[in-house]
Amino acid sequence: MTIVRRPSPVRDLLSMRTAMDRFFDDDFRPLQWLSGSYGGPALPLDVTADADSVTIEAALPGIKPDDVDITLENGTVTISGKTADERTADEGSYVLQEIRRGSFSRTVALPNGLEPDKARATFENGILRLEIPKAEQLKPRQIKISPVTDGNGRQSTEPAELKA
């Protein structure tokens, strides 16, 4: 008995999808392999905004605060720096290299209405925290409502000419 297999377009599409997924996988970056550099993930940031300020937190484990530069200009903030490569050739060659060494930089666009002159930066346990306050005119304000009537349709205060 002969088994006849017919081509399946669904199976072909699934294999094409698998091939594309593998091509764009994080571990497969041929252009970076050719340049000899490890791209790794970009500098991880958390950016939050509340009524008073915008806060940027950057994970910089193993980096000294003196090795980090923060630049605020033209509505952007740039966090950059450099780590020293402390490995020597006599320690052996890499089998796997995932620890980031060398230069790093990340630029983020900021919303309008911030006061960069009043920005504060702290560095604790490998987390850089940059807090940029919002300008006073952009902060939300609470407006108190003054009653015009006493709830029964009558004015709560009588005009001065009606008082006896």
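Residues numbered from 1 in each chain as written. Predicted model: local features only at pLDDT ≥ 70, side-chain atom pairs only at ≥ 80, totals over all residues. Heavy atoms only, no water.

Caption draft 1: Broad picture of the sheet that holds strand S3 (residues 68–73). Overall, antiparallel pairing links the 3 strands, which are arranged S3-S4-S5 in an open sheet. Because the sheet does not close on itself, it has two edges, and the strands there are S3 and strand S5 (102–109). Within the sheet, the average angular offset between the axes of one strand and its neighbour, ignoring direction, is 15 degrees. Sheet topology note: the strand S4 (residues 76–83)/S5 ladder contains 8 bridges and is antiparallel. The residue bridging glycine 81 from the neighbouring strand is phenylalanine 104, located in S5. (Pairing = 2+ DSSP bridges. Helix = DSSP H or I, 4+ residues; strand = E, 2+ residues; numbered from the N terminus. Axes fitted to C-alpha atoms, helices over the stretch in contact; angles between N-to-C directions.)

Caption draft 2: Examining the pairing of strand S7 (residues 127–133) more closely. Both strand S2 (residues 53–59) and S7 contribute to a ladder of 7 bridges, which runs antiparallel. Counted as the bridge partner of alanine 59 is isoleucine 127 from S7. Taking the residues between adjacent antiparallel strands as the criterion, strand S6 (residues 120–124) and S7 are bridged by 2 residues, where asparagine 125 takes a positive phi near 55 degrees.

Caption draft 3: Inspection of the nonpolar core at higher detail. Of all hydrophobic cores here, the largest spans 17 residues; its most connected members are Leu45, Ile56, Leu60, Val68 and Ile79. Of all the secondary-structure elements, those providing two or more residues to this core are S2, S4, S5 and S7. Setting aside residues no more than four positions away along its own chain, leucine 45 makes contact with Ile56, Glu57, Ala58, Ile79, Arg106 and Val108. (Core = buried A, V, L, I, M, F, W, Y, C linked by side-chain atoms within 4.5 Å. Buried < 20%, exposed > 50% of the residue type's maximum accessible area, 1.4 Å probe, protein only. Contact = heavy atoms within 4.5 Å.)

Purely geometric numbers; function is a separate question.
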